[in-house]
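Coordinate analysis (summary)
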Amino acid sequence: MGLADGRVVIVTGAGRGLGRSHALAFAAEGAKVVVNDLGVGLDGHPGPDSPAARVVAEIEALGGEAVAHGGDVATAEGAASLIDCAVSGFGRLDTLVNNAGFLRDRMLVNLDEDDWDAVVRVHLKGHFLPLKHAAAWWRAEAGAGRRTAARVVNTSSGAGLSGSVGQGNYSAAKAGILGLTLVSAAELGRYGVQVNAIAPAARTRMTERTFAEAMAAPEEGGFDAMAPENVSPLVVWLGSDASAGVTGRVFEAEGGRITVMEGWRPGPSADRGARLSPSEAGEAAAKLLATAQPPRPAYGAR
């Protein structure tokens, strides 16, 4: 019996990198997997073929069950067909892993509106629409009196937690995913749905160029801390019955390290009980900042 035995799992952007690793890991734990991948390049433009079928073949070669889905999850039609693919193919849906995305890196002064829109669309809208359609199915199941132990794992990033120089569009989208995670966890719990997010660090097409030195594989066969397979065990656990009671949480995952992020918590505060002048507000803020924890620097900041 695997940790995900009998569960039906959707993984978006599962043709390569982290998504492929997640799909294989779920299958190894007994899940039936819908492998979604549009088959686009690193910049979001269509490639010559989709890798989803290749991942399905890998899973089947290992004795698992999987189907490929090539729709665009950042469209209502594509997201709806994704949920239907799971339900019509396997009879149900238990876990949704939102992972699809790409990069178009530029400094803000050089960032075109089209590049902003494209990255925000695939990451943020590509999380929202599959989640919306999956939630509607789970709500209907709960309304019909059928037990639901659904799981959603969203994919944010250290760029969403701290910012990343040259990635204003990506950082904003990944920060938005954190907000979406918190809201959906609060709204969907009544239907038996748990929603969490990860902020992974791993070697993928999106990171191996931008952070080439940090993402390089070890030369002497030592522990490959940046292998995407290191992140997937946490995703499988979050996507399984074993994570019962865990929702609205954000985890950093890198190599063998897992960190529970504690988010925006109130720090030092002062209240005079009256309106402040600008000078008084500045004086109060300066005193509070002197005792506050400094923010984590943005990736790439000097």
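What this report covers is the structure whose coordinates are included nearby. These numbers come from a predicted model, not from an experiment.

1. With respect to the sheet that holds strand 7 (residues 250-254)
- One open sheet accounts for eight strands, arranged 3-2-1-4-5-6-7-8; its pairing is mixed. One side of each edge strand has no neighbouring strand; the edge strands of this open sheet are strand 3 (65-69) and strand 8 (257-261). For this sheet, the mean inter-axis angle between neighbouring strands, taken without regard to orientation, is 20 degrees.
- Examined bridge by bridge, strand 4 (residues 95-97) and strand 5 (residues 150-155) share three bridges and lie parallel to one another. Bridged to Val 97 within strand 5 is Val 153.
- Packed on one face of the sheet, helix 6 (residues 168-188) meets strand 5, strand 6 (193-201) and strand 7 and runs near 160 degrees to strand 6.

2. Some words on the packing of helix 1 (residues 17-28) against helix 2 (residues 52-61)
- Between helix 1 and helix 2, the shortest axis-to-axis distance is 10 Å and the interhelical angle comes to 25 degrees. What the angle tells us is that helix 1 and helix 2 run roughly parallel. The two elements helix 1 and helix 2 cross, and the hand of that crossing is right-handed. Across the interface between the two elements, Arg 20, Ala 23, Leu 24 and Ala 27 from helix 1 touch Val 55, Glu 58 and Ile 59 from helix 2.

3. Quick look at the pairing of strand 7
- Counting buried positions along strand 7 yields four of five residues, so the element is predominantly enclosed.
- Relative to strand 7, strand 6 runs parallel, the two sharing five bridges. Of the residues in strand 7, the one forming a bridge with Ala 201 is Glu 254.
- Where strand 7 meets strand 8, five bridges bridge the pair, whose relative direction is antiparallel. Counted as the bridge partner of Phe 251 is Val 260 from strand 8.
- The antiparallel hairpin formed by strand 7 and strand 8 contains two residues in its connecting segment, where Gly 255 sits at a positive phi of about 60 degrees.

4. Focus on the packing of helix 3 (residues 76-90) against helix 4 (residues 113-143)
- Helix 4 packs onto helix 3 with a crossing angle of 45 degrees between their chain directions and a minimal axis gap of 8 Å. One way to sum up the angle between helix 3 and helix 4 is to call them oblique. When the axes of helix 3 and helix 4 are compared, the crossing they make is right-handed. Side by side, helix 3 and helix 4 meet where Ala 76, Ala 79, Ala 80, Leu 82, Ile 83 and Val 87 of the first sit next to Leu 129, Pro 130, His 133, Ala 134 and Trp 137 of the second.
- Looking at the contact of helix 3 with helix 4 residue by residue, the class counts come to ten nonpolar, one polar and no charged.

5. Considering a negative patch on the surface
- On the surface, a cluster of negative charge is made up of Asp 112, Glu 113, Asp 114 and Asp 117.
- Within the secondary structure layout, Glu 113 lies in helix 4.

6. Details of the side chain of His 22
- Residue position: His 22 is located in helix 1.
- Among the polar contacts made by the side chain of His 22, one reaches the side chain of Ser 232 at a distance of 2.8 Å.
- Every residue in contact with His 22, bar those within four places of it in the chain, is listed here: Val 11, Val 97, Asn 99, Ile 198, Val 231, Ser 232 and Val 235.

7. Quick look at the side chain of His 127
- Summarising the element assignment, His 127 is placed in helix 4.
- A relative accessible area of 1% places His 127 in the buried class.
- Those residues in contact with His 127, other than ones at most four positions away along the chain, are Asn 98, Asn 99, Val 122, Asn 154, Thr 155, Ile 177 and Leu 180.

8. Things to note about the pattern of salt bridges
- As enumerated under the stated definition, the model contains eleven salt bridges in all.
- In this structure, Arg 7 engages Asp 241 in a salt bridge whose closest nitrogen and oxygen atoms are separated by 3.1 Å. Placement of the pair is Arg 7 in the segment before strand 1 (8-11) and Asp 241 in the loop between helix 8 (232-238) and strand 7, with a sequence separation of 234 residues.
- On the basis of relative accessibility, which here comes to 39%, the residue Asp 241 falls in the partly exposed class.

9. Focus: the nonpolar core
- The biggest cluster of nonpolar side chains holds 29 residues, and the ones touching the most others in it are Val 11, Ala 23, Phe 26, Val 33, Val 35 and Ile 59.
- For this core, the elements supplying multiple residues, two or more each, are strand 1, helix 1, strand 2 (32-36), helix 2, helix 8 and strand 7.
- Broken down by element, this core gets its largest block of residues, five residues, from helix 1.
- Sequence-distant contacts of Val 33, that is, excluding residues within four places in its chain, are made with Val 9, Val 11, Ala 23, Phe 26, Ala 27, Ile 59, Glu 65, Ala 66, Val 67 and Phe 90.

Basis of the calculations
- Residues numbered from 1 in each chain as written.
- Predicted model: local features only at pLDDT ≥ 70, side-chain atom pairs only at ≥ 80, totals over all residues.
- Heavy atoms only, no water.
- Pairing = 2+ DSSP bridges.
- Helix = DSSP H or I, 4+ residues; strand = E, 2+ residues; numbered from the N terminus.
- Axes fitted to C-alpha atoms, helices over the stretch in contact; angles between N-to-C directions.
- Contact = heavy atoms within 4.5 Å.
- Parallel < 35°, antiparallel > 145°, perpendicular 65-115°, else oblique.
- Left-handed = near helix turned anticlockwise from the far one by under 90°.
- Buried < 20%, exposed > 50% of the residue type's maximum accessible area, 1.4 Å probe, protein only.
- Nonpolar A, V, L, I, M, F, W, Y, C, P; charged D, E, K, R; others polar.
- Patch = residues over 30% accessible without salt bridge, like charges linked within 9 Å, V, L, I, M, F, W, Y side chains within 5 Å.
- Areas by Shrake-Rupley, 256 points an atom, 1.4 Å probe, with all protein chains shown as cover.
- Salt bridge = Lys/Arg side-chain N within 4 Å of Asp/Glu carboxyl O.
- Lys, Arg positive; Asp, Glu negative; His and termini not counted.
- Charge placed at Lys NZ, Arg CZ, Asp CG, Glu CD.
- Polar contact = N/O pair within 3.5 Å; in protein donor to acceptor, adjacent residues only side chain to side chain.
- Core = buried A, V, L, I, M, F, W, Y, C linked by side-chain atoms within 4.5 Å.

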